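Geometric and topological summary
Each chain, written out:
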Amino acid sequence: MSRMRNDYESTLWSRIEKFVNGEEPEQTMKRKKKSRASYEQVKREDVFMEDILLRMERREEESFLEKVEEYGEKRRVRRYERIYRILAVFLCFTVMAVLLVTVSYLPPFGNPDNPANNEVIERYIEKGLQETGTVNVVTGMILNYRGFDTMGETHVLFIAATSVTILLLAVSEKDKKRASDRSFEPKNDIILQKAAKVLVPVIFMFGIYVIMNGHLSPGGGFSGGAMIGAGMILYAGAFGFAKTDRIFNGHVIKIAKISALCLYVSSLSYYFYTGANGIENHIPLGTPGNLFSSGLIFFINIFVGTEVACTMYTFYALFRRGGL
Amino acid sequence: MDFVCNFPPFSIIFCLACGIISSALNGRAAKRLSIALVSLVGVMSACVLAYTVKTGEAFIYVMGKFPAPWGNELRVGTLEGLMALFFSIIMLLSILGGLRALETDVEEARMNLYFVMIDLMMSSLLALIYTNDLFTAYVFVEINTIAACALIMIRANGHTMVAATKYMIMSLLGSGLLLIGICMIYDLTGHLLMSNIKEAIGVLAATGQYEIPLTVVIGLVCIGLAIKSALYPFSSWLPDAYGYSTASSSAVLSSLVSKGYIFLLVKVFCRVIGFDVMVGHKITNILFLFGILGMIMGSLNAIRQHDVRRLIAFSSIAQIGYIYMGIGIGNNAGLVAAIFHIMSHAASKSMLFICAAGLSEVSGGSKNFTDLKGAGYRNPAAGIGFTVGAFSMVGIPLFAGFTSKVYFAEAALTGGEAKMEIAMVTLAISTILNAIYFIRAVISIYTPRNEHFQNAAYRPAASMVFSIVLFISLNLLLGTFSYPIANAIGSGLFMFG
């Protein structure tokens, strides 16, 4: 078995190693440990009253010596950090320069001969209306042609919400009390409440409009869901959780979110299955331009909107009180 | 189209659906659902593998009514089936092996969320394996990143929080570079579908048009994926992330998450940009160099560790260096060796993490070598598993690691003189370094000195013993019957492009 050198930490090689790994330099670590140790020492030593004067003197002397020692260390640490920062800035600028230079070599913006203007775009624009039944081509693209990507994207949102739940969920009563910030803010703010009373219904209506018309006009599940979520947050902020909990409590949100996602996944998988196996899927596309048209897209927008609204509200509730 | 062809998209969608359902279940039910799901995915992947071996060609699955450049599609060949089968086996064994550690590390209220993450991780890995669309790959890379962060931080203590933050920063940097690369590829070719991009880039490379952006694209994609899979200079997030998270998470992260990204890189090499274009732009030489550096530096760092989990983590850096060296050799044999090493490393490393958790269970929860003395006697199953894993990592014949080293050496022989010499010398040095720290670890767990932790009532969890036994047999299988597997990888790579 090889033996380890005791002074390895202070060798040049080890410092380079740490530099590469982005760890704290040796000097700062040592200093932190030392200061903590001396603090404990002080606490322990305080027992003997008669020694205090003597010890204070000695401590002053020690602290002076420490300061002298620290000064040199600090300079080295500062130098180390400065080099680190300079290198980081240099690296950033290099990457930026490389990317900027590259952009100037890319196909010019808006040129009709660009490689991106090919048969893919052509079909989306020319046949999109006829094949997907959506007046809004973008919605048709993301929810029908490339529905699998969007399903993944919706799950990104779901998994992000779940991760935040892992991080912020308060389980015990003590945690819940600590996580809640209700006591820090003014209660029953008249201006906020009056404004919320007027605004919230409008926001909800507009959000629902954006979701329902996702296949007809710009917007769709993601943007409309964000609006509804914002409305819910405004309401909760103005009137407190006691009021919102009567409707939007954890149970309801969980059911809404999970059933929306499950319906989304199952309807899309039906669509994938029939499409790939060449089976007629019996999804009526309707008359383009009508509210109830474009087949699954209308429903998918609603599912996505529900999911996004619930996620927004969940984030808010988690940050405010550590749970739904 | 045969019904089996539906299995790849089904397995992805089942994983997503189980993830959603698990978020409403309690911990026990979510655990059972997750185990059942991963087993089901394994069975389905085995069917897919058998089907592709039988038909001898890759099949395309259109996701929806519209065919590929307009819609999304999956492309499944032998290699994809093999990787999916292998990943699901490793996932299942990693979960089973770490169940008891999971109960102590994760609070009951968060237990179901852990399995949500496992399910979604599985779905993203499957999607990365099967997809034939670069943007779909990116979407599932996002899911993978977030799930990996959550798997690290769910064991709530200070170390894992720092580790998860580090991981997130580095991983998002990698994702960002990858995304910029994908955007530029779209700008240059007008496609997101891998096969179409390859055609377009072949034309670009032949005519010499857009030479500079193409080089930058290759650099961005390779660096992005290298950061995410912890190639040496970008691996500073790795030791903390693997060293402090719960045992199952470490096993999954080390053997599947980083390997998923490497598989995506192989895909980029073979199916998106084209192997010849990659070699022509000399990116293989750079990856080769960093791989060599990683092999040495990872091992040197591992020698200095007193903590068994961190030792295994640093050894991962070295092993990822091996894989990049294999890719960097720049020929087909090198790729086969790299993919084989993905498998053998995954089989050994996840077992090492599980066994290390089992060993510290009988040593008062400590991971330090002084406390682990004699742990091999106190928990024989974990001791034997650890020894087998260590032997495999060092490269002792019969075990998986040896075979992959042989493949690396064979590939290096055909990779040009300079690369051959460097690769051979580094393989030898790295083997010695591996031996230094792994044999030390094995000796210290079999040193009967520490009587402090004697606990006659200790019984290892049955699931852990089961998973260790299966891991050992998987290891021996890879080590002794490597020929058909390497053959399958070779023919899979042939179908790939």
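Residues numbered from 1 in each chain as written. Chains lettered and ligands numbered in written order. Predicted model: local features only at pLDDT ≥ 70, side-chain atom pairs only at ≥ 80, totals over all residues.

Right, let's talk about the environment of His341 of chain B for a bit. Residues and elements named next belong to chain B. With respect to the helices and strands, His341 occurs in helix H15 (residues 332-361). When the 25 C-beta atoms within 10 Å are taken as the criterion, His341 is described as buried. Put simply, His341 and Asn379 are 38 residues apart on the chain and 29 Å apart in space, counted from C-alpha to C-alpha. What His341 contacts, discounting residues up to four positions off in sequence, is Tyr322, Ile323, Gly326 and Ser404. (Helix = DSSP H or I, 4+ residues; strand = E, 2+ residues; numbered from the N terminus. Buried ≥ 20, exposed ≤ 12 C-beta atoms within 10 Å, placed from the backbone. Contact = placed C-beta atoms within 7 Å.)

With that settled, consider the interface of chain A and chain B. Counting residues at the interface gives 48 residues for chain A, matched by 54 residues for chain B. By residue number, the principal contributor to the side of chain A that touches chain B is helix H6 (residues 147-168) of chain A, which donates 15 residues.

Moving on, we get to the environment of Asn301 of chain B. All names here are of chain B. Structurally, Asn301 is set in helix H13 (residues 283-303). A count of 22 C-beta atoms within 10 Å places Asn301 in the buried class. Sequence separation between Asn301 and Ala318 is 17 residues; the distance between their C-alpha atoms is 9.4 Å.

A separate point is the pairing of strand S2 (residues 72-76) of chain B. Residue and element names in this part refer to chain B. Within S2, 5 of the 5 residues are buried, leaving the element largely enclosed by the surrounding structure. Burial of S2 is two-sided: the residues Asn72, Leu74 and Val76 facing one way and the residues Glu73 and Arg75 facing the other way are all buried. Bridging between strand S1 (residues 59-63) and S2 involves 5 bridges; their strand directions are antiparallel. Across the sheet, Val62 pairs through a bridge with Glu73, a residue of S2. (Pairing = 2+ DSSP bridges.)

All names here are of chain B. Ranked by internal contacts, the top residues of the largest apolar core, which has 248 residues, are Cys15, Met117, Leu134 and Ala147. The element contributing the most residues to this core is H15, with 19 residues. If we skip the residues at most four places from it in the chain, Leu134 touches Ile182, Ile185, Leu192, Met194, Ile197 and Val272. (Core = buried A, V, L, I, M, F, W, Y, C linked by C-beta atoms within 7 Å.)

Before going further, it helps to spend a moment on the packing of helix H3 (residues 78-97) of chain B against helix H5 (residues 111-130) of chain B. All names here are of chain B. For the pair H3 and H5, the least separation of the axes is 9 Å and the interaxial angle reads 165°. Considering the angle they form, H3 stands roughly antiparallel to H5. For the pair H3 and H5, the crossing hand works out as right-handed. Along the contact surface, H3 presents Glu80, Met83, Ala84, Phe87, Met91 and Ile95, while H5 presents Ile118, Met122, Leu125, Leu126, Ile129 and Tyr130. Considering only residue class, the contact of H3 with H5 consists of 11 nonpolar, no polar and 1 charged. (Axes fitted to C-alpha atoms, helices over the stretch in contact; angles between N-to-C directions. Parallel < 35°, antiparallel > 145°, perpendicular 65-115°, else oblique. Left-handed = near helix turned anticlockwise from the far one by under 90°. Nonpolar A, V, L, I, M, F, W, Y, C, P; charged D, E, K, R; others polar.)

Residues and elements named next belong to chain B. Considering the arrangement of structural elements, one finds Gly274 in the loop between helix H11 (247-273) and helix H12 (275-280). For Gly274, a count of 19 C-beta atoms within 10 Å puts it in the partly exposed group. For the pair Gly274 and Phe466, spaced 192 residues apart in sequence, the C-alpha to C-alpha distance is 42 Å. Excluding residues that lie within four positions of it along the chain, Gly274 makes contacts with Lys198, Ile201 and Gly202.

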